[in-house]
Each structure stands twice: as C-alpha cells, then as structure tokens.
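Structure assessment
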Amino acid sequence: MARIRCDFFSEALGMGTSMTVLLPERTSTQIGMAGAAPAGDPPVLYLLHGLTDDDTIWTRRTAIERYVAPLGLAVVMPQAARSFYADEEHGNRYWTFLTEELPQVCQSFFRLSERREDTFVAGLSMGGYGAMKWALRRPDRFAAAASLSGALNVAHRREHPTRPVDPAVWHTVWGDRDVPGGDDDTVALLGRAGADLPALYVACGTEDFLHEDNVRFVEAARARDVPVTVDFSPGDHDWAYWDDKIRDVLAWLPLPGAGPSGAEAPPAGSARH
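Residues numbered from 1 in each chain as written. Predicted model: local features only at pLDDT ≥ 70, side-chain atom pairs only at ≥ 80, totals over all residues. Heavy atoms only, no water.

By the naming in an unreviewed UniProt entry, the protein goes by S-formylglutathione hydrolase FrmB and is assigned to Micromonospora purpureochromogenes.

What follows is the structure, encoded as structure tokens:
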C-alpha cells in the first residue's frame, strides 16, 4: 500500500485540513505482506474517525493497512474534528465537506472508482454515526455502510449526556435546533428510507455504553423492514474491539470478485436480520 498524509485547503471549511489515504499497490517481493491492485480504478472505503480522534487514528491504532493490502481497496480517512459529520450551528460545514467536497477532491487527486458498487463507508463511534447518516441520506452513493460502536441515536444521547463535555459538543454542533425527526437523526432517517439502500452492518460490544442505542437503531430498522447485518457480541468501546471488527467489515464488503453478494456469515455471537 501507499500511505499518503494529504494536507489541502477546503473551500467548504474555509481552511486547511487533512486526510490520510491508503492506495493499493501491486507487490510481490515485500516480506510478510503482498499487495494487490485492480487493473482499473480501485474501489474505495471512506473510513471515519470518532469524537476524540483525527484522520491518522485508524492507521495508528489498527493494522488497517495490512488488512486492506490484499484486497486492492483504497481507504480515505478524512479529518472531521468533533463535528458529528454535520454542518455545525456554531462551527463549520463538515457535512458539506464530507459529502460534497471530499469525494470531488479525492477524484481530482487520486485514481478512484466513482461507481456506486465500488464505494463504501464505515466508521467507529461518532464515525459510525457519520457513516450511517451518509448512507441513509445519500444511498445512491454506496454499495455498503458499516457502523462500529456507532452513536446511532443522537437524539436520545443529546438528552442523556454521559460526560461533562457532551452539552458543549451538542451546542456547537446543533445549537438550539431540533434533532429528533430531522436529517441528523439516523433513527428517523430509517423511516424515510427508500427501497434501494446500501447493505448495512451494525456492530457494537455488549459492554459498550452505546449498546442500548445500537439496539434501538436495529429495532427501528427491523420495524421498517430495513435489512441490516448485526453483530452484538462481547466487547467494549475500545480499540481492541474496533481492530477486530474492522476485519469482519472488510470480509463483509461486496468487493469486486468477492462473489454474488460479497458478504460472509457474521462472526460467532452475531445475528443477521
């Protein structure tokens, strides 16, 4: 893989920002790891970080480069601060940056497939929320979306903060505007979802403080007949869990050449709905 830390100017944010990008490279003489690359433009996974992290975190806390090297998959990891991937009420336009500007910038800088069937999104915690929100609001862009320990019920979480800093974060992101029922409410988005959604994957550890929120999201999906692959197995809100589960997500993605659906059976302790 080629790993690129890319610093660039964002028109949507009005400032410089960064992303970390992994690009497939065909190799045969590396010791301990082989790389693969498709003949054409590679498929791409947009991989989103959590609340306290940045665009480098997936490469620092997991072996994501090693996991994707044999898949011929590009990975784009953008910087989004503590924005909950929203156009902030008292901050910046991170939703616009993520969903409109970032894909265009990536296409101008790198060779990446633009086809829906080659495009995926995933994330952890705040990034899991961002991945599901992006997939539900722009389903035409993605073949699959995955959330690991996602904050998938922010309307509930806003009213029941778990840390002293939470009210300040909510105020910066949403101010006084209502979240329940709106375009930032992933549970409400399920109710407005059409038939042509991407494949959805939700994983959360049973010891995670966000487990109940993930259960509510899955129940809402089930009530609306929205298919979702679910893994509620033992685990906490930590990198040991996410390093393990991102491998399950990569195995589940419908990558080119992975078979009719690209999906494998869920891991032990999980349930498919």
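There is more to say after this.
The next subject is the overall build of the protein. Per the secondary structure count, the protein includes nine helices and nine strands. Here the protein has a C-alpha radius of gyration of 18 Å; the compact-globule value for 273 residues is 19 Å, and the two agree. Taking the principal axes of the C-alpha coordinates as reference, the protein spans close to 55 × 45 × 35 Å. Split into buried and exposed, the 273 residues of the protein put 56% on the buried side. In the protein, of all internal contacts separated by at least 6 residues, the share reaching a separation of at least 24 is 72%. Here the protein has roughly 11500 Å² of accessible surface; of this, 50% comes from carbon and sulfur atoms. Charged side chains of the protein number 26 positive and 38 negative; the gap between the two group centres comes to 1 Å. (Helix = DSSP H or I, 4+ residues; strand = E, 2+ residues; numbered from the N terminus. Rg over C-alpha atoms; globule rule 2.2 N^0.38 Å. Buried < 20%, exposed > 50% of the residue type's maximum accessible area, 1.4 Å probe, protein only. Contact = heavy atoms within 4.5 Å. Areas by Shrake-Rupley, 256 points an atom, 1.4 Å probe, with all protein chains shown as cover. Lys, Arg positive; Asp, Glu negative; His and termini not counted. Charge placed at Lys NZ, Arg CZ, Asp CG, Glu CD.)

What follows covers the pairing of strand β2 (residues 15-23). A large share of β2 lies buried, amounting to seven of its nine residues. One ladder, built from nine bridges, connects strand β1 (residues 2-10) with β2; its direction is antiparallel. Considered in β2, the bridge of Arg3 is made with Leu22. Looking at chain direction, β2 and strand β4 (residues 74-78) are connected through four bridges and run antiparallel. In the strand pairing of β4, Thr20 is matched with Met77. (Pairing = 2+ DSSP bridges.)

This part is about the packing of aromatic side chains. One pass over the structure, following the stated rule, counts 13 aromatic pairs. Taken together, a centroid distance of 5.8 Å and an interplanar angle of 50° make the contact between Phe84 and Trp174 tilted. Linking Phe84 in the loop between β4 and α3 (94-109) with Trp174 in helix α6 (residues 166-174), this pair joins segments that are 90 residues apart in sequence. Aromatic rings pair up to connect Phe8, Tyr94, Phe97, Phe109 and Phe110 into one cluster. (Phe/Tyr/Trp six-rings, centres within 6.5 Å; stacked < 30°, edge-to-face > 60°.)

Now for the pattern of salt bridges. Per the stated rule, a full pass over the model turns up 16 salt bridges. Between Arg192 and Asp183 there is a salt bridge, and its shortest N-O distance comes to 2.9 Å. In this structure Asp183 comes out as partly exposed when scored by relative accessible area, which is 40%. Between Lys245 and Asp231 there is a salt bridge, with the nearest N and O atoms lying 2.7 Å from each other. Highlighted residues: Lys245 in helix α9 (residues 239-252) and Asp231 in strand β8 (residues 229-231), separated in sequence by 14 residues. When salt bridges with common partners are traced through the structure, they connect Glu89, Lys133, Arg137, Arg177 and Asp184 into a single cluster. (Salt bridge = Lys/Arg side-chain N within 4 Å of Asp/Glu carboxyl O.)

A word on the nonpolar core. Core analysis: the largest hydrophobic core is formed by 59 residues, its most contacted members being Met19, Tyr46, Val76, Phe84, Val121 and Trp174. Those residues in contact with Tyr46, other than ones at most four positions away along the chain, are Val76, Leu102, Pro103, Cys106, Thr119, Phe120, Val121, Ala122, Trp134 and Phe142. Core analysis: the second largest hydrophobic core is formed by 32 residues, Met77, Ala122, Ala146 and Leu255 among them. (Core = buried A, V, L, I, M, F, W, Y, C linked by side-chain atoms within 4.5 Å.)

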